[in-house]
Amino acid sequence: MKVLIATEKPFAASAVNEMKTIIENAGIELVLLEKYTSKQELLDAVKNVEGIIIRSDIIDSEVINAASQLKVVIRAGAGYDNVDLKAASEKNIVVMNTPGQNANAVAELVLGMMVFMARNKFNGSTGTELKDKTIGIHAYGNVGRNVARIAKGFGMTVYAYDPFLKPEHINAEGVIAVDSVEELYKVSQYISLHIPATPATIKSIGYDLVSLMPKGATLINTARKEVIDEAGLLKLMGDRDDFVYIADIKPSNMDEFNAKYEDRCFFTPKKMGAQTKEANTNAGLAAANQAVAYLKSGIDKFRVN
Ligand code: 3PG
């Protein structure tokens, strides 16, 4: 039996070593494909494996069809929009994620990027502080909750909107639950996005909604680029010279953002929210354990299809 770790953006070597131990101790062979540059490499690697562990790597129907022995795909991370769930289900392949395991890493990056931009990219000019500012958490899941915790440490007032949670649940954590997404944007000088990319959320963050934010507002996107209506956001940045956009996922039209609004936008060169040794270890080990538990005992906790 074989499990493939296929990561275009690899885990830390120490995490891979620990994953190897878990997998090999279960009598399963580990196959490693890191930093691959073509889809063909992935198609070749999946041929004879029963399990695949991935990050943002694309598992589409072509990959699924090439993997004739495949039983389980583990997305070491939260978002699984990179996996074709329908194609997997049609072949009785179980797909799981590892929710929460990289959440703190993403949340720390959110606050780090906020400080960076509030201090004008550390260019020495006078900036602003986060203390006493308002932040709205758009979707109060694992990452949103960690952002709230750290933002409170900065002395920010934290609001959240999450249609899937009871307001009491949010309020109990010292966060003010609001009733509508519009209200969240109205009260928040900073908005941190933590919604998944689904048919309902794709392009849902656009001109009308973001325009509700107060003067001097900043939008932070460590979720997915697809949730942004980029044309609408570009128009907003043109209309409002007080508006700042920060993202850990480059927009499709990044060059236009940078050419026109360089001082007011920042994009990490490569998506790096979950790229810490701790997050790699947490998510990688959880993925290895889940792969073994499914292949050896049929346990499918955190199944998403
Ligand atoms: C996630 O969904 O877990 C994050 O977006 C991290 O993705 P990555 O594993 O590609 O860094």
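What you see is a predicted model, and the numbers here were worked out from it, not measured in a lab.

### A few points about the overall build of the protein chain
Here's step 1: Secondary structure summary: the protein chain contains 12 helices and 12 strands in total.
Here's step 2: Taken over C-alpha atoms, the radius of gyration comes to 20 Å for the protein chain, in line with the 19 Å a tight globule of 305 residues would show.
Here's step 3: The principal-axis extent of the C-alpha atoms belonging to the protein chain is close to 60 × 45 × 35 Å.
Here's step 4: Burial status across the protein chain gives 51% buried among its 305 residues.
Here's step 5: Considering only contacts within the protein chain whose residues lie at least 6 apart along the sequence, 63% involve residues at least 24 apart.
Here's step 6: When the accessible surface of the protein chain is totalled, it reaches about 13900 Å², and 51% of it is carbon and sulfur.
Here's step 7: The centroid of the 35 positive side-chain charges in the protein chain is displaced by 2 Å from the centroid of its 37 negative side-chain charges.

### Re the pairing of strand S3 (residues 51-54)
Here's step 1: Of the two faces of S3, the one lined by Gly51 and Ile53 and the one lined by Ile52 and Ile54 are each fully buried.
Here's step 2: Bridging between strand S1 (residues 2-7) and S3 involves four bridges; their strand directions are parallel. Pairing of Val3 across the sheet is with Gly51, part of S3.
Here's step 3: Each parallel crossover has a hand, and the one from S3 via helix H3 (residues 61-66) to strand S4 (residues 72-75) is right-handed.

### Comments concerning the site of the ligand
Here's step 1: Residues in close proximity to the ligand include Lys9, Arg55, Ser56, Arg75, Gly77, Ala78, Gly79, Asn102, Arg224, Lys271 and Ala274, which together make up its full environment.
Here's step 2: For the ligand, whose unbound accessible area comes to 320 Å², protein coverage reaches 94%.
Here's step 3: Across the shell around the ligand, the residue classes break down as two nonpolar, four polar and five charged.

### Brief notes about the packing of helix H5 (residues 103-118) against helix H6 (residues 142-153)
Here's step 1: In contact at an axis separation of 8 Å, H5 and H6 are set at 50° when each is read in the N-to-C sense. Of the possible angle classes, the one that applies to H5 and H6 is oblique. Here H5 runs over H6; the crossing is right-handed. Contact residues: Ala103, Asn104, Val106, Ala107, Glu108, Val110 and Leu111 in H5; Asn142, Val143, Asn146, Val147, Arg149, Ile150 and Ala151 in H6.
Here's step 2: Within the contact of H5 with H6, the residues separate by chemical class into nine nonpolar, three polar and two charged.

### As for the domain arrangement of the protein chain
Here's step 1: Per the domain assignment, the segments making up the protein chain are domain 1 (2-101 + 276-297) and domain 2 (103-267).
Here's step 2: Counting residues at the interface gives eight residues for domain 1, matched by five residues for domain 2.
Here's step 3: Summing the contributions of domain 1 and of domain 2, the shared interface buries around 460 Å²; its carbon and sulfur component is 46%.
Here's step 4: Taken together, the links from domain 1 to domain 2 amount to one salt bridge.
Here's step 5: A salt bridge links Arg224 to Asp81; the shortest N-O distance between them is 3.1 Å.

### Brief notes about the side chain of Lys9
Here's step 1: Within the secondary structure layout, Lys9 lies in the loop between S1 and helix H1 (13-25).
Here's step 2: If near-sequence neighbours (up to four positions away) are discounted, Lys9 is found in contact with Arg55, Lys270, Lys271 and Gln275.

### Thoughts on the pattern of salt bridges
Here's step 1: Taken as a whole and judged by the stated rule, the model has 13 salt bridges.
Here's step 2: Between Lys20 and Glu24 there is a salt bridge whose closest N-O contact spans 3.0 Å. Of the two residues, Lys20 and Glu24 both sit in helix H1, four residues apart, roughly one turn of that helix.
Here's step 3: Since its relative accessible area comes to 35%, Lys20 is described here as partly exposed.
Here's step 4: Put simply, Lys39, Asp60 and Glu62 are held in one network by salt bridges that share partners.

### Section: H1
Here's step 1: For H1, with 13 residues, the first-to-last C-alpha span of 18 Å sits near the 18 Å given by 1.5 Å per residue.
Here's step 2: For H1, the set of buried residues is Ala15, Val16, Met19, Ile22 and Ile23. Looking straight down H1, one finds its buried side chains confined to an arc of 120°; they lie on one side. Within H1, the exposed residues directed more than 90 degrees away from the buried face are Ala13 and Asn25.
Here's step 3: The positive-phi residue at the C-terminal boundary of H1 is Gly27, with phi of around 80°.

### Describing the sheet that holds strand S2 (residues 29-34)
Here's step 1: On the basis of which strands lie adjacent, the open sheet formed by five strands has the order S2-S1-S3-S4-S5 and parallel pairing. At either margin of the open sheet sits one strand with a lone partner, and together these are S2 and strand S5 (94-97). Across the sheet, the axes of successive neighbouring strands diverge by a mean angle of 15°, strand direction being ignored.
Here's step 2: Pairing of S1 with S2, which is carried by six bridges, proceeds in the parallel orientation. If you follow Thr7 over to S2, its bridge partner there is Glu34.
Here's step 3: Running over the sheet, H1 touches S1, S2 and S3 and is turned about 150° from S2.

The rules behind each value
- Residues numbered from 1 in each chain as written.
- Predicted model: local features only at pLDDT ≥ 70, side-chain atom pairs only at ≥ 80, totals over all residues.
- Heavy atoms only, no water.
- Helix = DSSP H or I, 4+ residues; strand = E, 2+ residues; numbered from the N terminus.
- Rg over C-alpha atoms; globule rule 2.2 N^0.38 Å.
- Buried < 20%, exposed > 50% of the residue type's maximum accessible area, 1.4 Å probe, protein only.
- Contact = heavy atoms within 4.5 Å.
- Areas by Shrake-Rupley, 256 points an atom, 1.4 Å probe, with all protein chains shown as cover.
- Lys, Arg positive; Asp, Glu negative; His and termini not counted.
- Charge placed at Lys NZ, Arg CZ, Asp CG, Glu CD.
- Pairing = 2+ DSSP bridges.
- Right-handed = clockwise from strand over helix to strand, strands pointing away.
- Near = heavy atom within 4 Å.
- Nonpolar A, V, L, I, M, F, W, Y, C, P; charged D, E, K, R; others polar.
- Axes fitted to C-alpha atoms, helices over the stretch in contact; angles between N-to-C directions.
- Parallel < 35°, antiparallel > 145°, perpendicular 65-115°, else oblique.
- Left-handed = near helix turned anticlockwise from the far one by under 90°.
- Domains from an automatic or database assignment.
- Buried area = accessible area lost by both parts, 1.4 Å probe.
- Salt bridge = Lys/Arg side-chain N within 4 Å of Asp/Glu carboxyl O.
- Expected span 1.5 Å × (residues − 1).
- Arc of directions from axis to C-beta.

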